[in-house]
Amino acid sequence: MQSPDLTSILDLTPEDIERILDTALAMKRDGAAPVLQGRTLALIFEKPSLRTRVSFEIAMTNLGGRATHLEAHQVQMGDREPTADVARVLSRMVHGIAARTFEHQTVLDLARWADIPVINALSDVEHPCQALADLLTLREHLGSLRGVRLAYVGDGNNVARSLAYASMMSGVDFVCASPGGFELTAGDIERARALPGGGSVTLTSVPTEAVAGASAVYTDVWTSMGQEHEADDRREHFAGFQVNAELLARAPGALVMHDLPAHRGEEITAEALESERSVVFDQAENRVFAQQAVLSMLLAEGLA
Ligand code: CP
Ligand code: NVA
């Protein structure tokens, strides 16, 4: 891989992404070799997690290594000691860091100071590991990514941003429907459109426009972790952006996607989430395999 870290999907090239997906699919089919024997990944999570934490732990175990979970309230990055010191200390003890942080800058600071790979396990700006598992899920269900229309309905948040970049680099046509004030930014779109890979990114404020002709309809929570004080306000702004039977009727046969956890009755109905078209638990399962591929490339490559 061109970058020693995965702080953003932008650390990857289209070739990196294709290789990650190929490797993940092969590992899912054939099992993983113990290429990370004797290697340790440190996990630091400033926000709650089920899928990301467990999938990193299982992925390390499957690769013959181990993960050690550090309590964020004990490490207190930037508070008990500078993030730069945390990065340099961990670099002397472990072989990689996966960090879930409130501020994206904390992930960048870790990467700047660590001598070992740093992986973004979700920040306020991006969720690259989720996007890789999502592409893997699309590839499994649709065969190929090129020309797939992926409609995202909801907040222009960390999940949407990583998906937009990943789509551009995978030949996916990403159409994002968000209410005014909650769109991906002009800077996000400019960065996305400058990427190679043959995909496209389009914004709209009309969910029915986004889902027309889509192969998959994706949504995420309206209120992300750390924004809880905005929840009431957001519920008002996002009314009309729910993934439900009426919206899905405009996208016959489309897969239903959600990174989870879901708020049933807000961004998605229970009926849509539980429908036969829903692949949300495949997405969750694929976190293990996408991360196995990333870890095997970042932590094992170039080492004796
Ligand atoms: N989708 C996802 O990242 O889930 P967790 O917050 O449970 O890790
Ligand atoms: N956008 C959500 C994703 C959770 C996995 C959040 O940041 O809380």
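Small disclaimer: the values here were computed from a predicted structure and weren't measured. (Residues numbered from 1 in each chain as written. Chains lettered and ligands numbered in written order. Predicted model: local features only at pLDDT ≥ 70, side-chain atom pairs only at ≥ 80, totals over all residues. Heavy atoms only, no water.)

Turning next to the overall build of the protein chain. A tally of helices and strands in the protein chain yields 13 helices and nine strands. Expected size for 304 residues packed as a compact globule is a radius of gyration near 19 Å; at 19 Å, the protein chain falls within 12% of this value. Projected onto its principal axes, the C-alpha coordinates of the protein chain cover approximately 55 × 45 × 35 Å. Within the protein chain, the fraction of its 304 residues that count as buried is 57%. (Helix = DSSP H or I, 4+ residues; strand = E, 2+ residues; numbered from the N terminus. Rg over C-alpha atoms; globule rule 2.2 N^0.38 Å. Buried < 20%, exposed > 50% of the residue type's maximum accessible area, 1.4 Å probe, protein only.)

Right, let's talk about the pairing of strand S5 (residues 149-153) for a bit. Most of S5 is tucked away, with four of its five residues classed as buried. Pairing of S5 with strand S6 (residues 173-177), which is carried by five bridges, proceeds in the parallel orientation. Counted as the bridge partner of Tyr152 is Cys176 from S6. Read as a crossover between parallel neighbours, the route from S5 over helix H7 (residues 158-168) to S6 is right-handed. Note that S5 and strand S8 (residues 216-219) share three bridges and pair parallel. Within S8, the residue paired with Leu150 across the bridge is Ala216. (Pairing = 2+ DSSP bridges. Right-handed = clockwise from strand over helix to strand, strands pointing away.)

Bringing H7 into the picture now. For H7, the buried fraction is high: 11 of the 11 residues fall into the buried class. All buried positions along H7 are accounted for by Asn158, Val159, Ala160, Arg161, Ser162, Leu163, Ala164, Tyr165, Ala166, Ser167 and Met168. The residue sitting at the N-terminus of H7 and contributing the capping side-chain oxygen is Asn157; that oxygen lies 3.1 Å from the backbone nitrogen of Val159. (Polar contact = N/O pair within 3.5 Å; in protein donor to acceptor, adjacent residues only side chain to side chain.)

Turning our eyes to something else, we now look at the site of ligand 2. Around ligand 2, the structure places Leu122, Asn157, Asn158, Val159, Asp220, Val221, Ser224, Met225, Asp259 and Leu260. A distance of 3.4 Å separates a nitrogen atom of ligand 2 from a polar atom in the side chain of Asn157. Between an oxygen atom of ligand 2 and a main-chain N or O atom of Met225, the distance comes to 2.8 Å. If ligand 2 stood free it would expose 270 Å²; the protein chains cover 94% of that surface. Across the shell around ligand 2, the residue classes break down as five nonpolar, three polar and two charged. (Near = heavy atom within 4 Å. Areas by Shrake-Rupley, 256 points an atom, 1.4 Å probe, with all protein chains shown as cover. Nonpolar A, V, L, I, M, F, W, Y, C, P; charged D, E, K, R; others polar.)

Before going further, it helps to spend a moment on the packing of helix H2 (residues 51-62) against helix H13 (residues 280-300). In a pair of packed helices, the angle between the axes and the distance between the axes together describe the arrangement. Look at H2 against H13: their axes get within 8 Å of each other, and the N-to-C directions meet at 55°. Considered as vectors, H2 and H13 are oriented oblique to each other. Two packed elements cross with a definite hand, and for H2 against H13 that hand is right-handed. Residue-level contacts link Arg51, Thr52, Ser55, Phe56, Ile58, Ala59, Met60 and Asn62 of H2 to Ala284, Arg287, Val288, Gln291, Gln292, Leu295 and Leu299 of H13. Residues that form the contact of H2 with H13 fall into these classes: eight nonpolar, five polar and two charged. (Axes fitted to C-alpha atoms, helices over the stretch in contact; angles between N-to-C directions. Parallel < 35°, antiparallel > 145°, perpendicular 65-115°, else oblique. Left-handed = near helix turned anticlockwise from the far one by under 90°. Contact = heavy atoms within 4.5 Å.)

Glancing now at the packing of aromatic side chains. Evaluated as defined, the whole model comprises five aromatic pairs. Ring centres 5.6 Å apart and planes at 15° place the aromatic pair Trp222 and Phe238 in the stacked group. With Trp222 in the loop between S8 and helix H10 (231-237) and Phe238 in the loop between H10 and helix H11 (245-248), this residue pair connects regions lying 16 residues apart in the sequence. You'll find Trp222 and Phe238 in the same group, each marked buried. Here Phe238 and Phe241 contribute two aromatic rings whose centre-to-centre distance is 6.4 Å and whose plane-to-plane angle is 80°, an arrangement assigned as edge-to-face. Phe241 shares its class with Phe238; the two are buried. (Phe/Tyr/Trp six-rings, centres within 6.5 Å; stacked < 30°, edge-to-face > 60°.)

Quick look at the sheet that holds strand S9 (residues 255-258) now. With respect to topology, five strands assemble into an open sheet ordered S7-S6-S5-S8-S9, the strand pairing being parallel. For this open sheet the edge positions go to strand S7 (200-204) and S9, each flanked by a neighbour on one side alone. The average undirected angle you get between the axes of adjacent strands in this sheet is 20°. Where S6 and S7 come together, five bridges link them in parallel fashion. Its bridge partner lying in S7, Asp173 is registered against Ser200. Sitting on the sheet, H7 is in contact with S5, S6, S7 and S8, with an inclination near 165° to S5.

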